[in-house]
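Residues per chain are reported as follows:
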Amino acid sequence: MTRGIGEDGRTLAQMLEATRARTGETGCYAGIMEPKLLTGDPVRAELYHSRLMAALIAGRETTRMISGSPFVREVAELAIGLYTPEGDSIAQSVGIQVHIRCMGEVIQWMIEHDYEEKVGIADGDLFWCNDPTVAGMHPADVYDLLPIFVEGELVAWVCTVIMEMDIGAVSPGCMPTANVERSTDGMRFTAEKVGSDDMLRHDIELKVRYGLDMADMFLLDRKGAIAANIRVREEIRRIIEEFGLDWFRCANRELIEEERRNQIARLRQRTVPGRYRNVVPLEYYMADQPVTWLPAKKDHIRIVPIEMRIETAGRVVLDFEGAGSWGWHPFNATPSGMWGGLAFTLVQTIAYDGRANLGSLLPFEIRLPEGSVLNPPDVRPLATASIWAPVIDIYSLWCGMVSGAYYMRGFREEMFTYRGGCGLQMAGYDQYGTKRPLLAAPTGNFGAGARGTGDGLDAGGTLITAEVDLGNVEIWECFMPYMDLGRRFEPWSVGWGRFRSGASIPTTALLHRSTETIVAGVVGSAAEFILPNVGLCGGYPGGKRFTVILRDTDAAERAASGLPLVHEIGHPAAPAYETNIRAEVHTPHHLPPPMEVHDGDILLVSVGSPGGFGDPLERAPEAVTADLDDGLATPEIADGIYGVHAQFDDGAKCWVANDEATAETRAQRRSARLERAEPVSEWWRRSRARILDGEIHPMLAEAYADSIESSEVFAAEYRGFWGLPDDFRPGVGA
Amino acid sequence: MGAVPQIISCDTGGTMTDVIAVDAAGRFVIGKAATTPSDQSEGYVEALEEATGGIRLDAVEACVYSGTAMLNALLTGTGRRVGAIVPRGEEDIFLHQRSRQTWAGYGYADVLHHAAHHRPEPLVPRRLVKGVSGRIDMFGAEAIPLYEDEVRSAVHSLVEEGVDAIAVCLLFSYMNPMHEQRVAEIAHDEIEAAQSSATLHLSHELIPITREQGRLNTLVLHAAAAEPCREQLARIEGALRERGYERSLQVVLSHGGVADIRYPRLHESTFSGPIGGLLGARYLAREVGADNWVCADMGGTSFDVGLLRGGEPILDREVTITRRIFNLPTLVMDTIGAGMGMYVTVDPITSRITLGPESAGADPGPVSYGGGNDIPTVMDCALVCGLLNPDNYLGGKVRLDTDAALDSLERHCAKPLDVDPHYVADGVLALVASRMREHIRTILSTRGFSPADHRLLAYGGAGPLLMAAYTEGLGFQGVATLPWAAAFSAFGAATVDLTHRYQKSTGVVIPDGAGDEWKAGMGHMVNAGWEELERQARADLEAEGLDWDEAVVQPLAYVRYGGQMEDLEIASPVPRVNGARDMDALTDVFEDLYGRIYAGVAKHPEAGYHILELGLTVTVAKAKPRLTRRPRGETAPAPAAVKGTRDVYHEGAWLAATIYDMERLAPGNAVAAPAVIEAATTTLFVPPGYRVEMDEWSLLWLRREGGR
């Protein structure tokens, strides 16, 4: 047998097998029962870790300087990480950390597919991967991987991810919704070797140049990523020179094991053991999509129950038993995607101290039923453009479950909830006359969830990245053929409560200098009619996300006459687009079929917000008047939701609450609530009767039937809870 | 000093005001006083009196100010009351703050930790922000006409609110200012009709560059703080004139220039304080004859690092300071939390030593100050290790309590880790030094530079203490500090020529394979931009009474590959782009610089070149301090320079270190390790393996034993 490129002449496959086996046998990463190197000399250990982090941060900055993408420069849709030879994450930069585990999975996929022998892995080789059937969240996220060799041995990998605006997918762009088959996903690099000696292959550059509308942006991003990886590699070599190769090998593994222990300690310190349960609805409206694979053309719902079991030893099981079955749409999750979702949630909520790596995930087990929408039997035939959409919905809700655990421990300031993201994609001719995907991706327009000690940040929280950023209008408009008509907070998006969630900022885009443009595919959240953004401890759900497309508007005439335009959504009952514009109004569901739009048409997207915390009647009146001053509440909300009577003081130029009237109103509201209340047993009896009478929406009935069909456990629990016959099926009866 | 001062400069920090008076022979005296934020002239005068001894200033050729007056005015709300006019729909801009300001300026852990995010106070309250309809598009064309009634109503409402200033920032005004100009015309009428004294500030006039969030923040900074700051500076100038100074007071600008305090864009002086040292290093570099320097300033709360390349500092045009984004050309000083006041704790979960991020500051200060703080700091660690003299801190003004520092370190760190407190103290200093070292390495490596091509200058009160540790292994050409390290920023402010910088956006596109005619056409666009900036520069110099013919003019172009999001500043090799060959010369300079910074794979000329911003600097020479060069003497320091010995704990062992008086060392002296060289305001530790030599410029060079 030929000598391998790994440690002591072993192959990477041997190393991977051994690490997995030792981890499985001992429960400790790579069988490390005690991280002696790190604990024996904590100062040197800290020095070493800081050197790794500095290398990664320098690499990330290099990418930003070279990139051609506003995704990188304006909203930091990138990340970089260091991996063991067998693909386990050691350290990572900030950024879109969802990929930190996924990029390691690509390395392991390459090892498992015998790249070492059949493809060859040598110093200076460059690999790309954007194929979610290997790993990842969608093909728009492109991974650049570089092996690091020292004296002929592969000692580590460095990997960079950047999200791309164009990967050659079917219109409207990089994350099309009207695609259900893999061939429509765009250009794929399935862990492909694309260069050697630190240089890209010429034919690969040509493939990109002839395959993409935005080839220069793609290539500049790749070159930025490759330059960053090279920079990190050189720094790692210097670190090895200083610390020694044995230290490097050993310390990297110990960093993972140490982080596993840290994660367990954090969980034990901050949470209360037990079972935490919730359910995520996923809605798919595919009947009107222009797909060619006809079995995909149906509207349906899938339900995804989540059970989190925190064990006293700090181990956590996430069990999705009962999740509905997979379907022909681009919104099936994958095990890789579900682990990725857990990774980026953990780094913002529990493991944020800068030491996150594979060890942060090791105390977790994720159980994904085979054949479910979270674990299709074979991903290869499927479109994978939006794996991340259900993942974000699920982990946004999961944050609320963890918040419950934090609350019980008294960590109220750490409570957090999120709202799944969404936005419009377009395709068409831009203001420079080039046909291409058109996608703006500000991450900073989402309100953050309320905490147990205060309001959520207005436009300040999204699950996909900690570095929320709206970017600048003047930069986005250089890439998009529209004009931003406003970035006003939407008071009706808020999840009300004693502490409210942050308000979100809707998109208000006026098409400008564009010809032959289509708009479609609200990217992201798969929730449409069933609100997933529930509140905590009596807080109200956040606002509903929705889209309005105004076609054939009289915007130009109005502008010429100095009449008001649409700069915000406005009151739900009298929205601005009904009073300030004459237009053909379309309010499509969250997966609208492609629609042609033209100059002067207006696109409005309201993203909603997470839920509030606590009873709105307990909100401090001065917090309500402060919201009124800033336009984050209206008098109607103050009175109707919070029970606060307030008047504008013309002298002081601010809102002032009438405490006496407020107290009286609140007392009346509480009395009215008590009058409306009924015993749980009565509610149960009425609801059961409705189920038995088939009084359930057909799509919901089908969704429950699907989960019952898929899972005996789910079926037994459902029937048991409602006291239904053993052969009962929703919508059909016994 | 003995003689009358020729130049007086100051650095007004958050805590202390330093004034340095330099005579014609280059000798100088430093005066220090507590900063008086409400009126900086008070603290200035006190420090001035200490530095000059109250003598007449008739012979002084230049007085230069650098400091934080503008920033203080903005952050403490003592500036003018500003209202803003923005595009309709964008009225929440000071509330949403691009979202980025909820975490901008944080360290790694706090960026990740969502619960730690919060917004700084809005620069302008929501009710003083008015939207007006109308739109210029990204090409500079009018897409929606300006709604003049809305403008009238907005101005009327702001005037009624009693604002002192109105800031007008409309989208793409740097491409076409017609709407901002019309807003100004209407506003002038409204303000006059209302007999208001509110002033108007237009973004295209003051900051004609892209990215509206930073442009508007900068505009508000100017509107709120420039005039109050100018008034304070005028009071300082008045105090100087009372003492016989006949010229005008000059102020250091963030980009390293200097201007008269009547300079219209006074906001450019906002971040002048931290860059003083960088400017001093630039001056020193010219005198000493070395081009590339790393300038490292360590104080109580932070470690700031700047670069000189080819003798010149590096400039950023969009900066985050005090967690806000500004479009303000500023010399790059990358900052990390690594100051002597930083707290040292042990994480209860990970059992890892944690440094900062908070600092004890001057109040309550380190444990050893006895000011009530019980959490050990980096300075307490240095004291416990014997590196600091408890009786000589600030010249003996503050007596440090070593026992209290040791006790605190024992309880908070050593016991939880089950180790010796001296091990922790020594380790903490190593950790801080490592953090500083990596910071330096990152700053160099992200720009593609190597320490082997640089010298390092350490300054700031705490700068010299760890300079051996934080430069260890980096391979600098040389590492130096100076006896006046603690006042080096003030010294730097005195060394600057009168320099103005101008910038504006443009839209030059040179596709791959562009013909000569196209390049020449684009050259016309470049020239038109430079000429516009030159007209502005001429007017400014004229207003300051300066002679244009004495000015050195350097046109700049910001070049990038087509589609790139970042660019590089290129000093044009030609005064005007007259034809394709000149344009090629400009892009050749870009290619050369780009190739030196990034790996070869990053080159992408097939995308062509874009120039989206132009710049211009004009420089007029002014009087500067002269560094004194003294001949080298004996290698052995004079006996009077030796103060005694002290035990210091270093790398796990106690060593007997010789203590020297820095002020008594002379050129040519060499100090062997282990040694501690003390001055009133700074301390230099010489660990085993090193020696220190003073050169003819009084620079103290740290050398490896056996090395150069």
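Residues numbered from 1 in each chain as written. Chains lettered and ligands numbered in written order. Predicted model: local features only at pLDDT ≥ 70, side-chain atom pairs only at ≥ 80, totals over all residues.

J.: It is not clear to me how the overall build of chain B should be interpreted in this structure. Could you clarify?
T.: Scanning chain B for helices and strands turns up 16 helices and 33 strands. Relative to the globule expectation of 27 Å for 708 residues, the C-alpha radius of gyration of chain B, 27 Å, shows essentially globular dimensions. Dimensions of chain B, computed from C-alpha atoms along their principal axes, come out at roughly 80 × 60 × 55 Å. Across chain B, the fraction of contacts at a sequence separation of at least 24, relative to all contacts at a separation of at least 6, is 67%. (Helix = DSSP H or I, 4+ residues; strand = E, 2+ residues; numbered from the N terminus. Rg over C-alpha atoms; globule rule 2.2 N^0.38 Å. Contact = placed C-beta atoms within 7 Å.)

J.: So what exactly am I meant to see when it comes to the overall build of chain A here?
T.: For chain A, the count of helices and strands is 21 helices and 24 strands. For chain A, whose C-alpha radius of gyration is 26 Å, the value lies close to the compact-globule estimate of 27 Å for 734 residues. Counting all 734 residues of chain A, 61% fall into the buried class. Pairs at least 24 residues apart make up 76% of the contacts formed inside chain A by residues separated by at least 6 positions. (Buried ≥ 20, exposed ≤ 12 C-beta atoms within 10 Å, placed from the backbone.)

J.: When you look at the pairing of strand 17 (residues 546-551) of chain A in this model, what are you seeing that I'm missing?
T.: Within a regular strand, the side chains alternate between the two sheet faces. Residue and element names in this part refer to chain A. Burial analysis of strand 17 places 5 of its 6 residues in the buried class, which makes it a mostly covered element. One ladder, built from 5 bridges, connects strand 17 with strand 22 (residues 602-606); its direction is antiparallel. Pairing of Leu550 across the sheet is with Ile602, part of strand 22. (Pairing = 2+ DSSP bridges.)

J.: Looking at this model, I keep getting lost on the interface of chain B and chain A. Mind explaining?
T.: Many structure descriptions define interface size as the accessible area lost when the parts assemble. Contacts between the two partners involve 66 residues from chain B and, on the opposite side, 87 residues from chain A. Elements represented by at least two residues in the side of chain B that touches chain A include exactly helix 3 (93-96), helix 4 (108-112), strand 8 (142-144), helix 8 (212-242) and helix 12 (421-446) of chain B. Considered class by class, the residues forming the side of chain B that touches chain A number 26 nonpolar, 21 polar and 19 charged. (Nonpolar A, V, L, I, M, F, W, Y, C, P; charged D, E, K, R; others polar.)

J.: Please explain unusual backbone geometry as it appears in this structure.
T.: Omega for the bond connecting Ser171(A) with Pro172(A) falls within 30 degrees of zero, at 15°, which places this linkage in the cis form. At the junction of Ala673(B) and Pro674(B), the peptide bond is cis and its omega measures out at -10° in the coordinates. One can find Pro674(B) in the loop between strand 29 (670-672) and strand 30 (675-678). The backbone of Glu151(A) sits at a positive phi, close to 50°, despite the residue not being glycine. Within the element layout of this structure, Glu151(A) appears in the loop between strand 4 (141-150) and strand 5 (153-163). Looking at Glu151(A), the number of C-beta atoms within 10 Å reads 7, which means it is exposed. A positive phi angle, near 55°, is found at Gln97(B), a position not held by glycine. Among the structural elements, Gln97(B) can be located in the loop between helix 3 and helix 4.

J.: Before we go on, may I ask you to explain the domain arrangement of chain A in this structure?
T.: Each assigned domain of chain A is listed with its residue range as follows: domain 1 (7-260), domain 2 (417-614), domain 3 (616-676) and domain 4 (680-722). Once you take the C-alpha centre of each, domain 2 of chain A and domain 4 of chain A turn out to be 35 Å apart. (Domains from an automatic or database assignment.)

J.: Looking at this structure, I do not really get the nonpolar core. What am I missing?
T.: When a protein is soluble and globular, its nonpolar side chains tend to lie buried together. Membership of the largest hydrophobic core comes to 447 residues, with the highest contact counts inside it found for Val106(A) and Val220(B). The leading source of residues in this core is helix 12 (residues 388-409) of chain A, at 13 residues. (Core = buried A, V, L, I, M, F, W, Y, C linked by C-beta atoms within 7 Å.)

J.: What am I meant to see in the packing of helix 15 (residues 516-543) of chain B against helix 16 (residues 580-597) of chain B here?
T.: To describe two helices that pack against each other, one gives the angle between their axes and the distance between the axes. Residue and element names in this part refer to chain B. The interhelical angle for the contact between helix 15 and helix 16, taken along N-to-C directions, is 75°, at an axis separation of 8 Å. Considering their axes alone, helix 15 and helix 16 lie roughly perpendicular with respect to each other. Across the interface between the two elements, Asp516, Lys519, Ala520, Met522 and Gly523 from helix 15 touch Ala580, Asp582 and Met583 from helix 16. Among the residues forming the contact of helix 15 with helix 16, the class breakdown is 4 nonpolar, 1 polar and 3 charged. (Axes fitted to C-alpha atoms, helices over the stretch in contact; angles between N-to-C directions. Parallel < 35°, antiparallel > 145°, perpendicular 65-115°, else oblique.)

J.: So what exactly am I meant to see when it comes to the sheet that holds strand 28 (residues 653-661) of chain B here?
T.: Note on sheets: strands pair through backbone hydrogen bonds, and any given pair is parallel or antiparallel. Residue and element names in this part refer to chain B. Read from one edge to the other, the open sheet built from 4 strands follows the order 27-28-30-31, with strand pairing classed as mixed. Where the open sheet ends on each side, the last strands, each with one partner, are strand 27 (642-650) and strand 31 (683-686). Across the sheet, the mean angle separating the axes of adjacent strands is 25° when strand polarity is ignored.

J.: Honestly, the pairing of strand 6 (residues 192-196) of chain A in this entry has me stumped. Any pointers?
T.: Residues and elements named next belong to chain A. Pairing of strand 3 (residues 126-129) with strand 6 involves 3 bridges; the strand directions are antiparallel. What sits directly across from Trp128, in strand 6, is Glu192. Judged from the 2 bridges that link them, strand 6 and strand 7 (residues 199-200) form a sheet pairing that is antiparallel. Bridged to Gly195 within strand 7 is Leu200. Hairpin connection of strand 6 to strand 7: 2 residues between the antiparallel strands, including Asp197 at a positive phi of 50°.

J.: It is not clear to me how the sheet that holds strand 26 (residues 609-620) of chain B should be interpreted in this structure. Could you clarify?
T.: All names here are of chain B. Spatial ordering of the open sheet is given by 23-26-24-25, a layout of 4 strands whose pairing is antiparallel. In this open sheet, the two strands that pair with only one neighbour each are strand 23 (498-510) and strand 25 (568-571). The sheet shows a mean angle of 25° between the axes of neighbouring strands, taken without regard to direction. Sheet strands touched by helix 15: strand 23, strand 24 (552-561) and strand 26. Its angle to strand 23, the strand with the most contacts, is close to 160°.

J.: Before we go on, may I ask you to explain the environment of Trp496(A) in this structure?
T.: Residues and elements named next belong to chain A. On the secondary structure map, Trp496 appears in the loop between strand 14 (482-484) and strand 15 (507-511). The exposure class of Trp496 is buried, given the 30 C-beta atoms found within 10 Å. A sequence separation of 116 residues divides Trp496 from Gly612, and the C-alpha atoms of the two residues are 4.8 Å apart. Discounting chain neighbours no more than four positions away, the residues touching Trp496 are Gly539, Tyr540, Gly612, Pro616 and Ile641.

J.: What is the right way to look at the packing of helix 5 (residues 148-160) of chain B against helix 6 (residues 178-193) of chain B in this model?
T.: All names here are of chain B. Direction vectors running N to C along helix 5 and helix 6 enclose 45°, while the axes themselves pass 9 Å from each other. Here helix 6 runs oblique to helix 5, going by the angle between their axes. As helix 5 packs across helix 6, the resulting crossing turns out to be right-handed. For the pair formed by helix 5 and helix 6, the contact residues are Glu148, Val151, Arg152, Val155, His156 and Val159 on the first element and Val183, Ile186, Ala187, Glu190 and Ile191 on the second. Across the contact of helix 5 with helix 6, the residue classes tally to 7 nonpolar, 1 polar and 3 charged. (Left-handed = near helix turned anticlockwise from the far one by under 90°.)

J.: Would you mind showing me how to read helix 11 (residues 402-417) of chain B here?
T.: Working note: α-helix, 3.6 residues per turn, so residues spaced by three or four point in the same direction. All names here are of chain B. In a regular helix each residue adds 1.5 Å, so 16 residues correspond to 22 Å; helix 11 covers 21 Å between its end C-alpha atoms and thus fits that length. The principal kink in helix 11, of about 45°, is found at Glu410. At the C-terminal side of helix 11, Asp418 shows a positive phi close to 60°. (Expected span 1.5 Å × (residues − 1). Bend = angle between axes of the 7 residues up to and from the residue.)

J.: What is the right way to look at the domain arrangement of chain B in this model?
T.: Partitioning chain B into structural domains gives domain 1 (75-220), domain 2 (343-431), domain 3 (498-620) and domain 4 (629-708). When each unit is reduced to the centre of its C-alpha atoms, the spacing between domain 2 of chain B and domain 3 of chain B is 51 Å.

J.: Quick question: what am I supposed to make of the confidence of the model for chain B here?
T.: Low pLDDT means the predicted atomic positions in that stretch should not be read closely. The pLDDT averaged across chain B works out to 89; a share of 97% of its residues lies at or above 70. Scoring of the predicted complex yields 0.87 for pTM and 0.92 for ipTM. (pLDDT = per-residue confidence, 0-100.)

J.: Would you take a moment to explain the environment of Thr335(B) for this structure?
T.: Residue and element names in this part refer to chain B. Within the secondary structure, Thr335 sits in strand 18 (residues 334-336). Taking the number of C-beta atoms within 10 Å as the measure of exposure, Thr335 has 17 and is therefore partly exposed. In the structure, Thr335 is positioned 33 residues away from Ser302 in sequence and 6.4 Å away in space, judged by C-alpha atoms. With near-sequence residues (within four places) excluded, Thr335 lies in contact with Ser302, Phe303 and Asp304.

J.: What should I look at first to understand helix 20 (residues 698-710) of chain A in this one?
T.: All names here are of chain A. Look at helix 20: 18 Å from first C-alpha to last across 13 residues, which is about the 18 Å you get at 1.5 Å a residue. Of all the residues in helix 20, the buried ones are Glu702, Ala703, Tyr704, Asp706, Ser707, Ile708 and Ser710. In this structure, the buried side of helix 20 is in contact with strand 9 (299-310) and helix 21 (712-722).

J.: Honestly, the environment of Gly478(B) in this entry has me stumped. Any pointers?
T.: Mapped onto the elements of the fold, Gly478(B) is located in strand 22 (residues 478-481). Other than its neighbours up to four places away in sequence, Gly478(B) contacts Arg455(B) and Trp701(B).

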